[in-house]
Amino acid sequence: MNTIQSYIKDNKKRFLNELIELLKIPSISADSAYKKDVLITADFVLESLKKAGCDNVELCETPGYPIIYGEKIIDKNLPTVLVYGHYDVQPADPIDLWTSPPFEPVIKKTDIHPEGAIFARGACDDKGQMFMHVKALEYMTSTGNLPCNVKFMIEGEEEVGSESLAWFVPRNKEKLTNDVILISDTGMIANDIPSITTGLRGLSYVEVEVTGPNRDLHSGLYGGAVANPINILTKMIASLHDENNHITIPGFYDKVEELSSEERAEMAKAPFNLEKYKDALKVDAVYGEKGYSTNERNSIRPTLDINGIWGGYTGQGAKTVIASKAFAKISMRLVPNQDWREITELFKNHFENIAPKSVKIIVKPHHGGQGYVTPINTIAYQAASKAYETSFGKTPIPQRSGGSIPIVALFEQELKSKTILMGFGLDSDAIHSPNEHFGVWNYLKGIETIPYFYKYFTELSK
């Protein structure tokens, strides 16, 4: 294992160039216009796994985009690690806010990444972090340092709800048999403060449609006499939070896990500078549910946010019109014990009930998933901790994330496996936003750390 640093040094340029080629492909799963590109990306991942040393690689057809499966089985008596990742990416909009084209990767230096960061859609979420595992496998197979079996399952629909993965996993339990699932689709506190994600929030995502008159109307002739769907929608949305930013949907908090004061005190030990946090976001004050800290609000508390809202005339100049329809996309991040289907139904019932009779309401559920908490007393967690200790020189901090990876709960339900979340991105990497990037140092550090997890997990499993 002592050769990992030299192997990375010798292959650094190639590792970066290969990732850049992957990032050039606009694999946007949410937009059917990019279907060909998503399929090209799947082929790229398949070929990369072959080159990295997998003996068996398959493109597995699903009702949607294919899942790439690969394996390297060296001894059936040894433990098996199943690596999960995704090759699809978020849409790049708004394009005009990017400082460089989202699918023309470029390495630029930043204050946080003085050695450079790769700017491109998918750089951190999740192509860069997924590709770390491919390159780590390459190192282990080419140098004879693979201590156990490894399987890969890389999907193309994570950014749109993983429906095909939910179809695939129950039908392939034997193929996917493993001792632990390893995922790098999360982050860490800072480059000098490694952390392991031990909790994820669930998700419920809906779209709402408000319809008033049967056509767009002149706002002078009809204004004040007919319900304006945009006015109605904004009032309804505003009513979803009270003066303490508490969500007003009846039953929403019934199953929310309330952490003890002791647990909250342990969470508060994680390094956090509120002034730096505000400065990085260029905001004068933070905002959220009363009675909770910033780190608690974005990790252990549920939320409701408007992700998009539209209706009426938005072109250049003026058009005095009352729109016939108004729309919004809404996401709710959920905590353990909240069932996303139940929450979706609660939202639907509430939103329909608060609508005035002057409009019609349609609530369209999109996708969702359960929250997840992983224990820190397992062999897998100990192995991950030792891996970080070896490569970073310090013990990682367990940390709950505000993000969601809905399939983690599915894996435990169907495969009876625990998941370890070893992320190497940073909160400042702008995932899902313009100018997404991933530090070159972080990318290479992930490749360095991952093989140590395999080593320690195998040793601790004996």
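Residues numbered from 1 in each chain as written. Predicted model: local features only at pLDDT ≥ 70, side-chain atom pairs only at ≥ 80, totals over all residues. Heavy atoms only, no water.

Participant: Before we move on, can you summarise the pairing of strand S6 (residues 149-155) with the specific residues and values?
Facilitator: Side-chain positions along a regular strand alternate between the two faces of the sheet. The buried fraction of S6 amounts to 7 of the 7 residues, a majority that puts the element mostly inside the structure. Going residue by residue along S6, you find Asn 149, Lys 151, Met 153 and Glu 155 tucked away on one face and Val 150, Phe 152 and Ile 154 tucked away on the opposite face as well. Pairing analysis gives 5 bridges linking strand S2 (residues 67-72) to S6, with the strands arranged antiparallel. Note on S6: the bridge partner recorded for Lys 72 is Val 150. Where strand S3 (residues 80-86) meets S6, 7 bridges bridge the pair, whose relative direction is parallel. (Buried < 20%, exposed > 50% of the residue type's maximum accessible area, 1.4 Å probe, protein only. Helix = DSSP H or I, 4+ residues; strand = E, 2+ residues; numbered from the N terminus. Pairing = 2+ DSSP bridges.)

Participant: Which residues make up a nonpolar patch on the surface, and what values go with them?
Facilitator: Together, Phe 272, Leu 274 and Val 286 give the surface a local cluster of nonpolar side chains, amounting to about 210 Å² of exposed area. Following the sequence through the fold, Leu 274 ends up in helix H8 (residues 274-281). (Patch = residues over 30% accessible without salt bridge, like charges linked within 9 Å, V, L, I, M, F, W, Y side chains within 5 Å. Areas by Shrake-Rupley, 256 points an atom, 1.4 Å probe, with all protein chains shown as cover. Salt bridge = Lys/Arg side-chain N within 4 Å of Asp/Glu carboxyl O.)

Participant: Before we move on, could you go through the nonpolar core and cite the residues and values that matter?
Facilitator: Counting 64 residues, the largest nonpolar core has Tyr 443, Phe 453 and Tyr 454 as its most contacted members. Residue assignment for this core shows that the elements contributing at least two residues are helix H1 (4-23), helix H2 (35-52), S3, helix H3 (127-143), S6, strand S7 (180-183), helix H11 (379-392) and helix H13 (440-460). Of the residues forming this core, the biggest block, 10 residues, is contributed by H13. Of all hydrophobic cores here, the second largest spans 29 residues; its members include Val 208, Ile 232, Phe 252 and Phe 347. (Core = buried A, V, L, I, M, F, W, Y, C linked by side-chain atoms within 4.5 Å.)

Participant: Before we move on, could you go through the environment of Asn 77 and cite the residues and values that matter?
Facilitator: Inspection of the secondary structure assignment puts Asn 77 in the loop between S2 and S3. Asn 77 sits in the exposed class, given a relative accessible area of 73%.

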